[in-house]
Amino acid sequence: MKNIFSVKIGSEAYYSTYEEDGTTFMFINKNIAYCTKCNCRFQFDFYYLYSCIDQISCPKCGRRYYNNEIVYSNVYNSYLPYKTEIKIIEYKTKLQLKINYKAMSLNDKDLYAKAYDIKEIYTFDILNSSSSWEKHYPNDDEKLLHEYQDIGYLTDYENLQEKTALWFFSINHATKKKIPLSRILKILRQKINQKERQLHGFSKRNMYIDNVSQKHRLFANILNLAHKVRFWDSDNISYGDDFPVLKKAFIDTVIKQNFEKQAFELMKEKDMTYHQAIFSALSLPYRKNILKCFSYDNLYFLLPIYSIKDTKIADTMLTIYDKHLYKDQYTAWNTVVKNYTEQLRKTCEFINVFYLNFYRNMKLTDILKKDYKLKDIMNLWHTANNDTKSKFMQEKVRFKDLHDWLAINVAKQPEQEVIFDLPQNILNRFNLYMMNSRFKSTCINKYSYLKYVAQNLRNCSAGYKNRISEKLQLVVITDDAGKPKVLLEVKEDSIVQAKLFNNVSVKNDIALNKLVLEFAEETRLDIETTDIQQSENDITEAIA
């Protein structure tokens with residue numbers, strides 16, 4: 001064991017300064033702040049991201065603090081470091097990053113800030129290709145608690161932020177003797193590369209990530225090192241400030257478990273490479289064409305495509321949809337996910353259920369030209385009972401008739417009444433009289449009425465039985481005789497579909513289009529569909 005590096009940050013001395021030793025003076029837990037200069041605890045209202053706090057004044061002593069002089073957390077009771085020592089300890093087959101610090105902690109109940117002695121240890125076990133994090137800290141009864149996590153996985157960012165002292169130190173934070181914190185990363189990279197070569201014969205790797213803000217660059221690079229120790233042949237993980245949001249959109253929406261843990265076990269048991277193990281854990285075939293476009297940004301795309309039971313057809317789908325892969329830095333990720341994830345999943349499901357079994361004689365490209373109907377077809381299929389499915393098996397339903405056939409037969413199914421669980425405020429919001437009571441809008445809250453509307457408008461809305469919720473509603477507009485004229489799909493305060501009889505867009509009827517615009521204005525809904533024309537000039541052009 002050898003101590004190869006040490007750096008100290010902060011001081012308890014009254015006359016210490018940030019420039020001299022990196023001392024912080026203002027501590028914030030959520031909306032409770034504490035000034036160490038005058039022992040003032042105060043509460044404030046703040047309506048912006050905590051990362052926007054770059055200066056704050058103490059209301060008692062009037063001192064103004066800037067940037068790294070402030071330590072903030074968006075939760076109560078997290079431990080905010082103010083006097084810290086960081087060491088790197090070298091062993092024969094591993095390295096440890098030890099962090100000993102005194103911490104402040106605030107909440108909305110206690111009148112004073114509490115101080116704690118905390119110890120953290122990051123262990124990089126090169127021999128066993130594993131990494132871990134542990135924390136020793138006292139509770140309010142001064143009982144010593146111990147927290148431990150295996151790290152080196154994509155889940156580390158969300159699991160460790162706010163829990164570790166590294167989260168609160170910017171890479172350019174001042175220290176005693178002016179030692180830059182970037183030295184920690186440089187030494188760890190050098191030593192890890194050296195030991196990987198000595199113990200496993202691995203070649204040198206670049207392990208530094210710089211596409212991270214200075215605020216969390218130290219934290220992000222430590223997590224990347226932990227990931228590299230566990231998965232040496234993996235790519236660097238860009239733990240940028242937007243990493244949690246991107247992970248939720250591109251990974252968590254398509255796979256729930258920590259698949260890297262399964263991959264790690266496969267690597268140990270079957271001597272697989274990182275990508276071989278990841279592909280196995282995700283049930284992806286390990287092939288060059290998939291490996292070429294593989295990234296975690298593309299999981300939302302690759303997983304549904306390779307759930308198709310025929311690999312050749314899956315390869316064809318990948319070629320067709322390759323242009324939609326998230327590889328254009330100028331395309332907003334939320335646009336990509338919103339536009340393609342659910343539609344693609346339903347399309348691949350349709351191929352497995354219908355195309356491979358009933359419509360194999362058709363060209364796949366001809367099927368995909370109607371991909372806007374495939375989602376509705378699959379929703380109807382999941383709503384169909386056994387009798388309807390048996391009837392379909394017996395009849396040779398042409399693909400062009402499939403949507404309408406399912407819509408009609410699902411609507412005819414004898415079913416017990418189902419009341420959709422919709423809050424009263426939603427029902428009240430959408431239940432209106434318009435154009436001097438000539439038309440009425442109604443939020444559908446019963447399955448029997450949904451089937452009635454589906455039969456009258458000859459559409460697939462009966463397939464929405466299991467989808468109607470607080471986030472998605474169907475609103476029907478009827479005339480003064482109660483006959484359905486327009487069906488609207490409302491999703492999270494936006495109209496996303498507006499259909500007339502037989503799924504014709506409402507923009508093809510000037511009067512009803514105007515009525516829908518009136519409804520949208522009255523209910524304060526956004527319009528996110530081309531079914532509606534929002535200017536009179538466009539309507540005239542569409543009708544002409």
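About the cut-offs
Residues numbered from 1 in each chain as written. Predicted model: local features only at pLDDT ≥ 70, side-chain atom pairs only at ≥ 80, totals over all residues. Heavy atoms only, no water. Phe/Tyr/Trp six-rings, centres within 6.5 Å; stacked < 30°, edge-to-face > 60°. Helix = DSSP H or I, 4+ residues; strand = E, 2+ residues; numbered from the N terminus. Buried < 20%, exposed > 50% of the residue type's maximum accessible area, 1.4 Å probe, protein only. Lys NZ or Arg CZ within 6 Å of the ring centre and 35° of its normal. Pairing = 2+ DSSP bridges. Axes fitted to C-alpha atoms, helices over the stretch in contact; angles between N-to-C directions. Contact = heavy atoms within 4.5 Å. Salt bridge = Lys/Arg side-chain N within 4 Å of Asp/Glu carboxyl O. pLDDT = per-residue confidence, 0-100. Parallel < 35°, antiparallel > 145°, perpendicular 65-115°, else oblique. Left-handed = near helix turned anticlockwise from the far one by under 90°. Nonpolar A, V, L, I, M, F, W, Y, C, P; charged D, E, K, R; others polar.

Things to note about the packing of aromatic side chains
Counted according to the given criterion, the structure contains 32 aromatic pairs. Geometrically, the ring pair formed by Y157 and F219 is edge-to-face, given 5.4 Å between the ring centres and 70 degrees between the ring planes. Of this pair, Y157 sits in helix α2 (residues 156-160) while F219 sits in helix α4 (residues 217-230), and the two are 62 residues apart along the sequence. Judged on exposure class, the residue Y157 and its partner F219 are both buried. Residues Y449 and Y452 carry aromatic rings whose centres are separated by 5.9 Å and whose planes lie at 15 degrees to one another, so their mutual orientation is stacked. Taken together, the positions of Y449 and Y452, both in helix α17 (residues 447-457) and three residues apart, correspond to about one turn of that helix. Pairwise contacts between aromatic rings join F350, F354, F358, Y359, W381, F392, F399 and W405 into one cluster. For K228, the ring lying beneath its charged end belongs to W232, and the centroid distance is 5.8 Å.

Re the sheet that holds strand β2 (residues 26-29)
Hydrogen bonding along the main chain pairs the strands of a sheet, whether they run parallel or antiparallel. Across the sheet, which stays open at both edges, the four strands sit in the order β4-β3-β2-β7 with mixed pairing between neighbours. Every interior strand has two partners, whereas the edge strands, β4 (40-43) and β7 (70-73), have only one. In this sheet, adjacent strand axes meet at a mean angle of 15 degrees when their direction is disregarded. Where strand β3 (residues 32-35) meets β4, four bridges bridge the pair, whose relative direction is antiparallel. Across the sheet, the residue bridging to A33 is F42, located in β4.

Focus: the environment of N428
Among the structural elements, N428 can be located in helix α16 (residues 424-430). In this structure, the C-alpha to C-alpha distance between N428 and C443, residues 15 residues apart in sequence, is 8.4 Å.

Thoughts on the environment of Y122
Structurally, Y122 is set in strand β10 (residues 114-125). Classification of Y122 as buried rests on a relative accessible area of 1%. Residues Y122 and I209, 87 residues apart in the sequence, show an inter-C-alpha distance of 19 Å. Setting aside residues no more than four positions away along its own chain, Y122 makes contact with L95, Q96, L97, I99, S132, W133, I151, L160, T164, L166 and I222.

Side note on the pattern of salt bridges
Two side chains that carry opposite charge are able to pair once their charged atoms sit near each other. Inspection of the entire model under this criterion finds 15 salt bridges. R398 is the partner of D401 in a salt bridge, and the nearest nitrogen-oxygen pair spans 2.8 Å. Relative accessible area serves as the criterion here: at 29%, D401 is assigned to the partly exposed category. A cluster of three or more residues bridged by salt bridges with shared partners is formed by E90, K191 and K195.

Thoughts on the confidence of the model for the protein chain
With 93% of its residues at a pLDDT of 70 or more, the protein chain has an overall mean of 88. Within the model, the stretch residues 537-544 combines pLDDT values under 50 with nine contacts to residues more than four positions away or in other chains.

As for the packing of helix α6 (residues 259-270) against helix α7 (residues 274-281)
Packed helices, taken two at a time, are described by their axes: the angle between them and the distance between them. It is the contact of α6 with α7, at a shortest axis distance of 8 Å, that shows an interaxial angle of 125 degrees. If you check the angle between α6 and α7, you find them oblique. In the packing of α6 onto α7, the handedness of the crossing is right-handed. Residues F259, E260, Q262, A263, L266 and M267 of α6 lie in contact with α7, whose contacting residues are Y274, A277, I278, S280 and A281. Considering only residue class, the contact of α6 with α7 consists of eight nonpolar, two polar and one charged.

Focus on the sheet that holds strand β18 (residues 526-527)
In spatial order, the strands read β13-β14-β15-β16-β17-β18; together these six strands make up an open sheet with mixed pairing. Each edge of the open sheet carries a strand with a single partner, namely β13 (432-434) and β18. Strand direction decides the pairing type here: strand β16 (residues 484-491) and strand β17 (residues 494-499), joined by four bridges, are antiparallel. If you follow L488 over to β17, its bridge partner there is A498. Its contacts with the sheet place α17 against β14 (439-443), β15 (472-479) and β16, and it is angled at close to 120 degrees to β16.

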